[in-house]
Amino acid sequence: MKKIYSPTDNPAFLLIEEGYNPLREREIESLFTVGNGYLGTRSSLEEQGSASNPATLVAGVYGKTGADATEELAVVPDWLLTRIYVEGEELTLTRESLLEHRRILDLKRAVLIREWRHRNEKGRITTVKYLRFASLADRHLMVLKLVVIPENYRAQIRVETGIKPCQKCSHALAIIESGALEDTGIFVTARTRFSDIVIAEAQVSRFAGASTTPDYRINTEQSFPLEEWLWQADIGQSVTIDKFVSIYTSRDTDRPGPAARQHVKGLADQKLNDILSKHVDAWAHRWRTSSITIQGDPDAQKWINFATYHLIIAANPLDERSSISARALTGTVYKGHIFWDTEMFILPFFIYTHPECARAMLMYRYHTLPAARKKAAEMGYKGALYAWESAMNGDEMTPPVVLAPTGEIIPILSGQLEQHINAAVAYGAWSYWNATQDVDFLITAGVEMLAETARFWASRVEEGDGAYHIYDVEGPDEYHEGVDDNIYTNMMAAWNLKRAVEAIDYVEEFYPDVWSKLQNNIELAITETERWVKIADNIYKDVIHSGSLIEQFDGYFDLRDIDVADYEPRTAALDVILGREKTAASQVVKQADVVMLLYLMEDGFTEKMLRDNFEYYDRRTAHGSSLCPSIYGLVAARLGLMETSMRYFRQAGTIDLANNMGNASGGVHAAALGGLWQQVIMGFAGIRVKKDGIYLYPRMPDSWNHLTFSLRWRNQLLHFDVEREKYITVTVEGDREVGAGIYNRPLGLLAPGRIYRAGWDGVTWQGFNEQKA
Amino acid sequence: MKDKPAIVIPLDGSITATAALGAAQAVANIIEGVLHIVHATETPLSEDQLLKTLNIDSLQVKCFVLHQIGGDAVDAILKFALNIDARMIVMSSHGHTYNPQHVVGGTAIGIIQHAAMPVMVIRPGIQKLPDVSWTPARMLLPLEGAPEVAAVEQIFSLAKLIEVDVDVLHIVFVGAEQPSEAGALTSPKYIDYPQYDWPAWAEEFINRFGAHRPLEVKLRLFHREGRPGDVMLEFALENNEDLIALSWHGHLEKERAAVVKGILQRTELPILLMRSEE
């Protein structure tokens, strides 16, 4: 293939799988997913082997397998399906026939390349190359390029390529119609069950390279349509088949079928080079603002590139009616459900690199406010309580129990008790507003979200002993359910209440008409907001013990103490080793709870409190969640505990990429990837975002010589260049001054087009000074 | 007889060795195969003499053949089993040098460490020795998650042959090291959302290690915590398993195969050993 089809030169942007290991196939499919935020396609073999679990998932397209079933992202018909026959014998990946096989995911250009050399029993060697991508320049377009070369024989070769409904998937959709398009090409139309979303896929393919004209036909004899190309191949002759597939749904247009057909028809005359170039350019644009470069640690560079790639392909700035689920669009394990993972772990990446996506994600929460209000009312509270697990409309999707292979029936109380999700949504909304000053968002959606979530907290607390308590709740640490005064929940609730008041004050002052209308709509009285301030100021947080230790919830320190290190090594989660009862009766913590507060509310603690509490909870944290290691690593970095921080960075960076754990089989861990980004930016680079600007205090691992990254801030683009314990150089791209400074030093105003530098004096970072160009 | 599947049982003339005869006969009958009784000797005997020497009072198999083979007993038995493409070797853990202090006898050590096919080992001291009417229904297959697919597939094939269902048991414990091989799958370390992570893990575990099992073999998956040997034996008892299958690396030296040795020493059930490629 030409150079344009060759992978990028930089190995830090290449994920390569040599050979073929059917045991790992489902993991590889997740890791090598291509996507564009509108959809994601797992990197299944085009011909679909026995180990394949192919899936293309379209954001927001949920269906159900039965009336009482939970909503799940529907697996749309597989657009990749392509099979190659040499003299009637299909080429399949078997140990005996495999000469070479590799898949290369080019993270920079977001294309997947597959190279395969096959030898059949008669000694015929065929070279097969595939290139596929889901266009970022045209989100409804998927492309598959196939090159077939008979190396040492002449024979008849047939390629059939079509769109095939998924056989192995749960059946959340049904095929309505399929067949041939008017001139050339095929189509498949499906409809999700119980939600009636129509999905239309249309395909055309083009043939080039044979010395004779190929036979072409459309085969509708099977249960799915195929385009077939048949030709007499000469030795060494390279034949190319380019396949273009368009997909539209009734979420995009009332007439998805015609839209898909029209779209794909319009591509017939376009050159693949041009289509690919536009896609690559779109990616170059995204990498420009999202790229992090780390000098001195190739593994870390690859991990962060992988994380960045998967975050970019997860989000669509144009779709306000869906958001990013815990496994994004790379797998079906979590059914496409949306958790607090989204706002706390994934959203920050977008707020600071692509705020348009962040806005769309937050608007999803705004559009699901009705369901949140309903949930609050059903539970006897006011305002809105967001679903712990959300899908299409924001209804609660959390199942009540699960049967574990341990034989235990585990009740799942998160749907009822994990209410800190409200604060997560509020945190996301406020952080976005602070970073962008997007007034339209605030007055259209943000202030209402903040007000209604605050209202919930105000109705949730109970007054007693001069304080406001939240009883019978569950914090991020899911090993302890139904606890009282979980400090994380309490403090985030207080934060939520205060931000709501601030937002209301702002809108009331600057947009009184808007506020007046909203106030009437949600019937909010002034006395309510006054009470919110009182609650926030008096929420129970009298949890400091021994001078510095924060009690995670009421009675936590009375539980049996435990050192997690005593239970290493192990291959299982600690609550499985100990059993649920013993775990709940101990101080073992599943994931960052108090430590999450040390990150989010750093300024509310003394240095001693930060250090003492990190060390205390670190010893007692089992890291039973993939969300955990990066947050611990982030806080450790801020405390200068670099060895600990790097250990957690490695752990977080390999959650999906390790080849001996199988973690990614059902999809990548999107929150872990977002957490990894936060560990680099908020941890190692030491970024702190405040109302007045951005502060930083980099503390980098010994092996990192240089770190560069960019952040979007209030419509300006800041470029950071950190030389370890030497210089921090910042430039501003835009048209306005930006408040930026070294953490714990005065903020400066940095003007666009100028260079600012802070030096390291051997002990600490000094303030920024302007440099001569 | 040539087309019939073959079961091999080595006998050395001791009563101890005949502890496995009932199981061997039963398996041969189930699979409608031929039971090959093998005796390593340098002194050829007549059939009657052989039957007497081997303490075989009566044989209740439909089809059997007696063989006398020369040379080193272990080598000769292994070579014989390979030549006739035996589906399984069934043997007592001990022979005429029976010492209950030893986990297995000398010949058994050689056979189980080097056999290319599954070896069913019967401990002579178990309370209920399988007899010719033995009809196993359920086999316990502990799997630690290392990618030993070929051995596991052979065990499943055997399960189909002897018409048993399989209970796969994954055991976790403190002290377990993560297998380093690509494709390993152990208990999920991260259970972000148990309502999805557990079913997903179970499905992936079965996909990896049971994908090619014959459809006739029903499979259940279990997950337990504890010391592996203890857990296997307890589980087998609680769930009325008829035999325990172990995929292992084939080395019984000191410091290795602690679990296999422990099971062989304490089991009340036949143990089916299948060597995996290391």
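Residues numbered from 1 in each chain as written. Chains lettered and ligands numbered in written order. Predicted model: local features only at pLDDT ≥ 70, side-chain atom pairs only at ≥ 80, totals over all residues. Heavy atoms only, no water.

Take the overall build of chain A next. What chain A contains, in helices and strands, is 20 helices and 34 strands. Whereas a compact globule of 773 residues would reach a radius of gyration of roughly 28 Å, chain A reaches 27 Å, a difference of no more than 12%. A total of 773 residues make up chain A; the buried ones form 64% of that total. Sequence separation of 24 or more characterises 67% of the internal contacts of chain A that already satisfy a separation of 6 or more. For chain A, the exposed surface amounts to about 27,400 Å²; the carbon and sulfur share of it is 47%. In chain A, 81 positive and 104 negative side-chain charges are present, and the distance between their average locations comes to 5 Å. (Helix = DSSP H or I, 4+ residues; strand = E, 2+ residues; numbered from the N terminus. Rg over C-alpha atoms; globule rule 2.2 N^0.38 Å. Buried < 20%, exposed > 50% of the residue type's maximum accessible area, 1.4 Å probe, protein only. Contact = heavy atoms within 4.5 Å. Areas by Shrake-Rupley, 256 points an atom, 1.4 Å probe, with all protein chains shown as cover. Lys, Arg positive; Asp, Glu negative; His and termini not counted. Charge placed at Lys NZ, Arg CZ, Asp CG, Glu CD.)

Bringing the overall build of chain B into the picture now. When helices and strands are tallied, chain B shows eight helices and 10 strands. Taken against the 2.2 N^0.38 rule, which gives 19 Å for 278 residues, the C-alpha radius of gyration of chain B at 19 Å falls within 12% of a compact globule. For the C-alpha atoms alone, the extent of chain B along its principal axes is close to 70 × 40 × 35 Å. The buried share among the 278 residues of chain B stands at 59%. Put simply, of all contacts in chain B between residues at least 6 apart along the chain, 79% involve residues at least 24 apart. Working note: accessible area of chain B is about 12,300 Å², and carbon and sulfur atoms make up 48% of it. Within chain B, one finds 22 positive and 35 negative side-chain charges whose respective centroids are separated by 2 Å.

Attention now goes to the UniProt feature "domain: Glycoside hydrolase family 65 C-terminal" (unreviewed entry) in chain A. Using the residue numbers shown here, the UniProt feature "domain: Glycoside hydrolase family 65 C-terminal" (unreviewed entry) corresponds to residues 687-746 of chain A. As annotated, residues 687-746 of chain A comprises 0% helix and 55% strand, and the C-alpha atoms at either end are separated by 15 Å. (UniProt positions renumbered as here; feature names shortened; annotations may be inferred.)

Residue and element names in this part refer to chain A. Judged by how many residues are buried, strand E15 (residues 198-208) sits mostly within the fold: nine of 11 residues are covered. Note: strand E14 (residues 186-192) against E15, six bridges, orientation antiparallel. The residue of E15 that forms the bridge with Phe187 is Ala202. In sequence, E14 turns back onto E15 through a hairpin of five residues, with Phe194 there showing a positive phi of about 75°. (Pairing = 2+ DSSP bridges.)

Further remarks concern helix H8 (residues 258-266) of chain B. Buried within H8(B) we find Val260(B), Gly262(B), Ile263(B) and Leu264(B). Elements that come into contact with the buried residues of H8(B) comprise helix H4 (106-114), strand E5 (119-122), helix H7 (228-238), strand E9 (243-248) and strand E10 (271-275) of chain B.

Take the interface of chain A and chain B next. By convention, interface size is frequently given as the accessible area that disappears when the constituent parts associate. On the side of chain B, 42 residues touch chain A, which itself brings 53 residues to the contact. When the area that chain A buries against chain B is broken down by residue, the three leading residues are Leu23(A), Pro405(A) and Thr571(A), summing to 21%. There are three salt bridges connecting chain A and chain B. Across the pair Asp197(B) and Arg327(A) runs a salt bridge, and its minimum N-O distance is 3.3 Å. Seen at the junction of chain A and chain B, the total is 22 residue pairs in polar contact (both at pLDDT 80 or more). Contributions of two or more residues to the side of chain A that touches chain B are made by helix H1 (25-31) and helix H14 (574-578) of chain A. (Buried area = accessible area lost by both parts, 1.4 Å probe. Salt bridge = Lys/Arg side-chain N within 4 Å of Asp/Glu carboxyl O. Polar contact = N/O pair within 3.5 Å; in protein donor to acceptor, adjacent residues only side chain to side chain.)

Let us now look at the domain arrangement of chain B. Residues and elements named next belong to chain B. Taken domain by domain, chain B comprises domain 1 (6-122) and domain 2 (138-275). A C-alpha centroid distance of 27 Å is found between domain 1 and domain 2. Buried area between domain 1 and domain 2, both sides added, is near 1,700 Å², and the carbon and sulfur share of it is 66%. The three residues of domain 1 that bury the most area against domain 2 are Val103, Gln113 and Pro118, which together make up 32% of that side's buried surface. Inspection of the domain 1/domain 2 interface yields zero salt bridges. At the surface where domain 1 touches domain 2, the tally comes to six residue pairs in polar contact (both at pLDDT 80 or more). At the level of elements, helix H1 (21-30), H4 and E5 are the ones that each hand at least two residues to the side of domain 1 that touches domain 2. For the side of domain 1 that touches domain 2, a count of residues per class yields 17 nonpolar, three polar and one charged. (Domains from an automatic or database assignment. Nonpolar A, V, L, I, M, F, W, Y, C, P; charged D, E, K, R; others polar.)

Glancing now at the sheet that holds strand E7 (residues 89-90) of chain A. All names here are of chain A. One open sheet accounts for five strands, arranged E7-E6-E12-E17-E16; its pairing is antiparallel. Each edge of the open sheet is held by one strand with a lone partner, namely E7 and strand E16 (215-219). Direction of pairing for E16 relative to strand E17 (residues 226-233): antiparallel, over a ladder of five bridges. Looking at the pairing, Arg217 lines up with Glu228 of E17.

With that out of the way, let us pick up the sheet that holds strand E3 (residues 39-41) of chain A. Residues and elements named next belong to chain A. A sheet is described by the order of its strands in space; here four strands give the open sequence E2-E3-E4-E5, paired in antiparallel fashion. Here the strands that pair on one side only, and so sit at the sheet edges, are strand E2 (34-35) and strand E5 (72-76). In the sheet, E3 pairs with strand E4 (residues 56-63) via three bridges, with the strands oriented antiparallel. Bridging from a neighbouring strand, Leu39 pairs with Val58 of E4.

To characterise two packed helices, one gives the angle between the axes of the helices and the distance between these axes. All names here are of chain A. Packing of helix H18 (residues 628-638) against helix H20 (residues 670-684) brings their axes to within 8 Å, and their N-to-C directions diverge by 5°. The orientation of H18 relative to H20 falls into the category roughly parallel. Side by side, H18 and H20 meet where Pro629, Ser630, Gly633, Leu634, Ala637 and Arg638 of the first sit next to Gly675, Leu676, Gln678, Gln679, Met682, Gly683 and Phe684 of the second. Across the contact of H18 with H20, the residue classes break down as six nonpolar, six polar and one charged. (Axes fitted to C-alpha atoms, helices over the stretch in contact; angles between N-to-C directions. Parallel < 35°, antiparallel > 145°, perpendicular 65-115°, else oblique.)

Our focus in this paragraph is the domain arrangement of chain A. According to the domain assignment, chain A consists of domain 1 (11-257), domain 2 (544-674) and domain 3 (706-771). Centre-to-centre, using C-alpha coordinates, domain 1 of chain A lies 47 Å away from domain 3 of chain A.

In this structure, Trp231(A) and Trp340(A) are the most contacted members of the largest nonpolar core, which totals 222 residues. Here this core gets 13 residues from one element, more than from any other, and that element is helix H11 (residues 487-510) of chain A. Counting 73 residues, the second largest nonpolar core, distinct from the first, contains Val402(A), Ala26(B), Leu143(B) and Leu243(B). (Core = buried A, V, L, I, M, F, W, Y, C linked by side-chain atoms within 4.5 Å.)

To describe a pair of aromatic rings, you give the distance between the ring centres and the angle between the ring planes. In the structure shown here, the tally under the stated rule is 39 aromatic pairs over all chains. One aromatic cluster is present, built from ring pairs that chain together Tyr334(A), Phe339(A), Trp388(A), Tyr193(B) and Tyr196(B). Between the NZ or CZ atom of Arg688(A) and the centre of the ring of Tyr743(A), over which it lies, the distance is 4.0 Å. Over the ring of Tyr727(A) we find Arg757(A), and its NZ or CZ is 4.4 Å from the ring centre. (Phe/Tyr/Trp six-rings, centres within 6.5 Å; stacked < 30°, edge-to-face > 60°. Lys NZ or Arg CZ within 6 Å of the ring centre and 35° of its normal.)

What follows covers the pairing of strand E12 (residues 155-162) of chain A. Residue and element names in this part refer to chain A. Within E12, six of the eight residues are buried, leaving the element largely enclosed by the surrounding structure. Two strands pair when backbone bridges link them, and strand E6 (residues 82-86) and E12 are joined in this way by five bridges, in the antiparallel orientation. Within E12, the residue paired with Thr82 across the bridge is Thr161. With eight bridges connecting them, E12 and E17 associate as antiparallel partners. Counted as the bridge partner of Arg158 is Leu230 from E17.

The next point concerns the pattern of salt bridges. Residue and element names in this part refer to chain A. For the structure on display, the rule yields 60 salt bridges over all chains. For Glu18, the salt bridge is made with Arg102, and the minimal N-O distance between the two is 3.0 Å. Highlighted residues: Glu18 in strand E1 (residues 14-18) and Arg102 in strand E8 (residues 98-106), separated in sequence by 84 residues. What makes Glu18 exposed here is its relative accessible area of 52%. Across the pair Arg158 and Glu160 runs a salt bridge whose closest N-O atoms are separated by 3.3 Å.

Residue and element names in this part refer to chain B. Residue placement: Leu35 occurs in strand E2 (residues 34-40). The exposure class of Leu35 is buried, given its relative accessible area of 0%. Spatially, the C-alpha atoms of Leu35 and Gln25 are 6.8 Å apart, while their sequence positions differ by 10 residues.

Counting along an α-helix, one turn takes 3.6 residues, and residues three or four places apart therefore face a common direction. For helix H3 (residues 73-83) of chain B, the set of buried residues is Val74(B), Ala76(B), Ile77(B), Leu78(B), Phe80(B) and Ala81(B). Sitting at the head of H3(B), Asp72(B) places a side-chain oxygen 3.3 Å from the backbone nitrogen of Val74(B).

The next point concerns the confidence of the model for chain B. Across chain B, the average pLDDT comes to 92, with 99% of residues at 70 or higher. Taken over the whole predicted complex, pTM reads 0.96, whereas the ipTM for its chain interfaces reads 0.95. (pLDDT = per-residue confidence, 0-100.)

Let us now look at the packing of helix H17 (residues 607-619) of chain A against H18(A). All names here are of chain A. Two elements in contact, H17 and H18, have axes whose closest approach is 11 Å; the angle formed by their N-to-C orientations is 150°. Between H17 and H18 the crossing geometry is left-handed. In contact with Phe614, Tyr617 and Asp618 of H17, H18 contributes Tyr632, Val635 and Ala636. Looking at the contact of H17 with H18 residue by residue, the class counts come to five nonpolar, no polar and one charged. (Left-handed = near helix turned anticlockwise from the far one by under 90°.)

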